[in-house]
Amino acid sequence: MDTDYKTIDLTAWTQVGEGGNGATYTNPAEPGVILKVSHRVDGTYEVVSKEFYTSKAVYDLGLPTPQMLEMVRVGDEYGIKSQLIAKKKSIARLSGEDDAAIDGLAARLAEQVKQLHSTVATGQKWLPSMKEQMLKALATTRMVGSKTRKRLTEYVESLEDAPTLLHGDLSLGNLIIDLSDDKPYWIDLGRAAHGLPIFDLAHLYLYCTIFSKQKRVQEIAHMTTQQLMHFWDSFALAYNGPEGLEAFTAQCRRHAGLDIILLGYIQTLNWHERLFLSLLARLIIK
């Protein structure tokens with residue numbers, strides 16, 4: 001029950017970070033622990049508990065991710081206590097700080113994604129089918145017309161419901177490196193699922209190329225458009241290899257249109273964000 005979680009007073013906690021979904025805090029009385037409090041829109045019991053239990057499921061599969069400790073209440077919102085990785089930087093931050101490091105960091109992300117995509121994740125409540133989520137998104141979307149929606153639905157129905165573990169929100173900011181021992185950790189696993197790897201890869205492609213010109217994306221990634229696009233080129237080569245690289249990129253672009261529809265389904269958007277995504281989806285999906 002959502003009433004079973006203890007309430008925390010933030011008086012003793014110091015804010016150490018803030019992102020699109022919430023803020024993070026530490027407390028000297030609880031060393032080795034970080035508290036993430038979700039913003040009100042994303043801070044419902046359903047949303048936070050999904051992130052908590054999904055992250056636990058990925059951790060239990062043996063993937064490198066901070067250990068989830070407990071869920072708490074913070075006023076009317078919910079939070080998660082997890083293992084603190086004190087000396088960390090994301091792949092995005094490291095890439096933005098040093099152009100010369102981008103190729104190596106992209107190869108490192110590709111290596112970790114391959115490990116992720118070699119993990120079986122079916123049969124678990126908290127790692128649902130990405131194919132089923134995509135079909136639900138298509139059933140309700142207004143981003144495309146009825147004929148296009150029907151065509152896309154038939155296409156998604158034809159796809160294999162693969163057992164592959166997916167991050168669900170694959171981006172440069174969601175793999176962090178512990179600078180004290182160079183160990184990588186996956187974070188923000190609330191959308192983890194199972195399905196074909198193309199769902200993950202298309203999301204990363206969308207982030208690094210199509211969305212790279214957005215100021216908000218550049219601010220979150222701490223990277224320029226040029227750096228993000230350079231990163232994608234290096235990642236694609238490292239993940240796929242030189243053979244069939246053009247076809248691989250074309251497939252990621254086609255699925256990026258589906259990813260936009262999925263984003264509109266799972267995220268709370270205002271009207272102009274929804275309009276922008278709708279126009280973008282129609283440009284990509286032909």
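Up top you'll find the structure we're talking about.
Thresholds applied
- Residues numbered from 1 in each chain as written.
- Predicted model: local features only at pLDDT ≥ 70, side-chain atom pairs only at ≥ 80, totals over all residues.
- Heavy atoms only, no water.
- Helix = DSSP H or I, 4+ residues; strand = E, 2+ residues; numbered from the N terminus.
- Rg over C-alpha atoms; globule rule 2.2 N^0.38 Å.
- Buried < 20%, exposed > 50% of the residue type's maximum accessible area, 1.4 Å probe, protein only.
- Contact = heavy atoms within 4.5 Å.
- Lys, Arg positive; Asp, Glu negative; His and termini not counted.
- Charge placed at Lys NZ, Arg CZ, Asp CG, Glu CD.
- Pairing = 2+ DSSP bridges.
- Axes fitted to C-alpha atoms, helices over the stretch in contact; angles between N-to-C directions.
- Parallel < 35°, antiparallel > 145°, perpendicular 65-115°, else oblique.
- Nonpolar A, V, L, I, M, F, W, Y, C, P; charged D, E, K, R; others polar.
- Salt bridge = Lys/Arg side-chain N within 4 Å of Asp/Glu carboxyl O.
- 1 Å grid on protein atoms, 1.4 Å probe; cavity = no way out; pocket = protein on both sides within 12 Å on 5 of 7 lines; lining within 4 Å.
- Points joined across faces, edges and corners; volume = space filled by probe spheres on them.

Draft legend 1. The arrangement of the overall build of the chain in detail. Looking only at helices and strands, the chain has ten helices and ten strands in total. Taken over the C-alpha trace, the chain has a radius of gyration of 19 Å; the compact-globule value for 286 residues is 19 Å, and the two agree within 12%. For the C-alpha atoms alone, the extent of the chain along its principal axes is close to 55 × 45 × 40 Å. Residue burial in the chain is summarised as follows: out of 286 residues, 49% are buried. Sequence-distant contacts, at least 24 apart, represent 69% of the contacts inside the chain between residues at least 6 apart. Each charge class in the chain was averaged separately, 31 positive and 34 negative side chains, and the resulting centres sit 6 Å apart.

Draft legend 2. Structural view of the sheet that holds strand E4 (residues 68-74). Spatially, E1-E2-E3-E5-E4 is the arrangement adopted by the five strands of the open sheet, whose pairing is antiparallel. Where the open sheet ends on each side, the last strands, each with one partner, are strand E1 (14-18) and E4. For this sheet, the mean angle separating the axes of adjacent strands, direction not counted, is 30°. Where E1 lies against strand E2 (residues 22-26), four bridges are found, and the strand directions are antiparallel. For Gly-17, the partnering residue across the bridge sits in E2 and is Thr-24.

Draft legend 3. Quick peek at the packing of helix H6 (residues 198-210) against helix H8 (residues 225-240). Contact geometry for H6 and H8: axes closest at 8 Å, N-to-C directions at 150°. Classified by the angle their axes make, H6 and H8 are roughly antiparallel. Residues Leu-201, Leu-204, Tyr-205, Tyr-207, Cys-208 and Thr-209 of H6 touch H8, and the partners they reach there are Leu-228, Met-229, Phe-231, Trp-232, Phe-235 and Tyr-239. Residue composition of the contact of H6 with H8, grouped by class: eleven nonpolar, one polar and no charged.

Draft legend 4. Molecular detail of the pattern of salt bridges. According to the stated counting rule, one finds nine salt bridges in the structure shown. A salt bridge links Lys-81 to Glu-30; the shortest N-O distance between them is 3.0 Å. Remark: Glu-30 occurs in the loop between E2 and strand E3 (33-38) and Lys-81 occurs in strand E5 (residues 77-83); sequence separation between them is 51 residues. Under the relative-accessibility criterion, Lys-81 is labelled buried at 3%.

Draft legend 5. Representation of the packing of helix H4 (residues 130-140) against helix H9 (residues 245-266) within the structure. It is the contact of H4 with H9, at a shortest axis distance of 9 Å, that shows an interaxial angle of 75°. Between H4 and H9, the interaxial angle falls into the category roughly perpendicular. Across from Met-130, Gln-133, Met-134, Lys-136, Ala-137, Leu-138 and Thr-140 in H4, the residues of H9 making contact are Leu-258, Ile-261, Leu-262 and Tyr-265. Residues of the contact of H4 with H9, tallied by class, amount to eight nonpolar, two polar and one charged.

Draft legend 6. Molecular detail of the layout of surface pockets. Looking at the second largest pocket, its volume works out to about 200 Å³. Every residue along the wall of the second largest pocket is listed here: Lys-50, Lys-125, Trp-126, Pro-128, Ser-129, Glu-132, Gln-133, Lys-136, Tyr-265 and Ile-266. Per element, the largest residue contribution to the lining of the second largest pocket is three residues, and it comes from H4. Looking at side-chain class alone, the lining of the second largest pocket contains four nonpolar, two polar and four charged residues.

Draft legend 7. Structural detail: empty space enclosed by the protein. Evaluation of the coordinates by the stated rule reveals two cavities of 30 Å³ or more. The computed volume of the largest cavity comes to approximately 100 Å³. As for the largest cavity, its lining consists of Met-130, Gln-133, Gly-168, Arg-191, Phe-199, Asp-200, His-203, Asp-259, Leu-262, Leu-263 and Ile-266. Looking at the lining of the largest cavity, the elements with two or more residues in it are H4, H6 and H9. Per element, the largest residue contribution to the lining of the largest cavity is four residues, and it comes from H9.

Draft legend 8. Here's a closer look at the sheet that holds strand E8 (residues 175-178). Read from one edge to the other, the open sheet built from three strands follows the order E6-E8-E9, with strand pairing classed as antiparallel. Of all strands in the sheet, those with a lone pairing partner are strand E6 (88-90) and strand E9 (183-186), marking the two edges. Shown here is a sheet whose adjacent strand axes are inclined to one another by a mean of 30°, direction ignored. The pairing of E6 with E8 spans three bridges and is classified as antiparallel. Bridge pairing in E8 places Ser-90 opposite Ile-176.

Draft legend 9. Spatial organisation of the pairing of E2. Note: E2 against E3, four bridges, orientation antiparallel. Within E3, the position partnered with Thr-24 by the bridge is Lys-36.

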